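Reading the structure
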Amino acid sequence: MEAPPVTSMPVTGGAVNMMEYLLQGSVLDQALESLLHRLRGLSDNMDPETFTDHELVYLLKGQQGNPFILRARRSLSHPTSPWHLRYLGQPEVGDKSRHALVRNCVDVAASHSLPEFLNEMGFRMDHEFTANGHIFRKGVMKIVVSKLSRILVPGNTDNTERLSLSYLVELSVLAPAGQDTVSEDMRSFAEQLKPLVHLEKIDPSKQRH
């Protein structure tokens, strides 16, 4: 089954309608502490924020073409916080010299009845997972280091299994369209994380999981 790309951006903040600039990579479990130490030295916050989230990916299949995909995410660390509904557009094919993947991002807060609402709208829950980890910030850049786990029993976030022996690392910026200079700042920051992690411009449409 070809599924939408995994992105583990936690439910902190949220932009109504922005462009997301993104670089991704991974680091093995045994190298995690070295990466966190490097990030503490490079970021604005030496003590990173931590998060544990539950994400459900919903599909709405049309008569033709690719299904419409929405992501519903809630914080397990702060159960009373609003849910977040997220739409991620297709990557822009434009300027090949861009150092980061660019795609439209719509992120809105929602009530706790979001899953029921999506079901009534005809969406079908395709898969769900949990993500837990750390958030660092450097100016407008956000660096998320997270461990992804599959949920073995639908809806039971206590019964999970880790997807891999590595952590997903994402460097992202949310900005209005046309702010392509941020990708150069992202590239410079990513260079400082080598050789611990290599952050790349990855085309999500070619990912499978």
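Residues numbered from 1 in each chain as written. Predicted model: local features only at pLDDT ≥ 70, side-chain atom pairs only at ≥ 80, totals over all residues. Heavy atoms only, no water.

So, on to the pairing of strand E4 (residues 83-88). Taking burial as the measure, the 6 residues of E4 include 5 buried ones, the bulk of the element. Across 6 bridges, E4 lies against strand E5 (residues 101-110) in antiparallel orientation. The partner of Leu88 across the bridge, within E5, is Cys105. (Buried < 20%, exposed > 50% of the residue type's maximum accessible area, 1.4 Å probe, protein only. Helix = DSSP H or I, 4+ residues; strand = E, 2+ residues; numbered from the N terminus. Pairing = 2+ DSSP bridges.)

Sheet topology places strand E1 (residues 18-28) next to E5; 5 bridges connect them, and they run antiparallel. Along E5, the bridge assignment pairs Tyr21 with Val102.

Structurally, the position occupied by Arg98 is in the loop between E4 and E5. Of note is the side chain of Arg98, whose polar atom sits 3.1 Å from the side chain of Asp180. Residues contacting Arg98, with those up to four places away along its chain left out, are Glu92, Asp180, Ser183 and Lys201. (Polar contact = N/O pair within 3.5 Å; in protein donor to acceptor, adjacent residues only side chain to side chain. Contact = heavy atoms within 4.5 Å.)

Of the residues in the protein, 88% reach a pLDDT of 70 or more, and the chain-wide mean stands at 89. Below a pLDDT of 50 lies the segment residues 1-6, which in the model reaches 26 contacts outside its immediate sequence neighbourhood of four places, other chains included. (pLDDT = per-residue confidence, 0-100.)

A word on the nonpolar core. Formed by 27 residues in total, the largest nonpolar core has its most connected members in Tyr21 and Leu171. Of all the secondary structure elements, the ones that give two or more residues to this core are E1, helix H1 (32-42), strand E7 (141-151), strand E9 (166-175) and helix H3 (181-191). Those residues in contact with Leu171 that sit more than four places away from it in its chain are Tyr21, Leu22, Leu23, Met141, Lys142, Ile143, Met186, Phe189, Ala190 and Leu199. In this structure, Leu56, Tyr58, Leu85 and Ala110 belong to the second largest nonpolar core, which totals 10 residues. (Core = buried A, V, L, I, M, F, W, Y, C linked by side-chain atoms within 4.5 Å.)

Using the criterion set out here, one finds 15 salt bridges in the structure. Across the pair Glu55 and Arg73 runs a salt bridge, and its minimum N-O distance is 2.5 Å. Within this pair, whereas Glu55 is found in strand E2 (residues 49-60), its partner Arg73 is found in strand E3 (residues 68-75), the two being separated by 18 residues in sequence. The same class applies to Glu55 and to Arg73, which are both buried. A salt bridge links Asp180 to Arg98; its shortest N-O distance comes to 3.1 Å. Here the residue Asp180 occupies a position in the loop between E9 and H3, and Arg98 occupies one in the loop between E4 and E5, the gap between them amounting to 82 residues. By relative accessible area, Arg98 is classed as buried at 14%. (Salt bridge = Lys/Arg side-chain N within 4 Å of Asp/Glu carboxyl O.)

Another point: H3. Listed as buried for H3 are Val182, Ser183, Met186, Phe189 and Ala190. Buried residues in H3, looked at end-on, bunch into an arc of 120°, giving them a common side. Buried residues along H3 sit against E1, H1, strand E6 (124-138), E7 and E9. (Arc of directions from axis to C-beta.)

The next thing to look at is the environment of Glu184. Mapped onto the secondary structure, Glu184 falls in helix H3. Spatially, the C-alpha atom of Glu184 lies 7.9 Å from that of Arg98, the residues being 86 residues apart in sequence.

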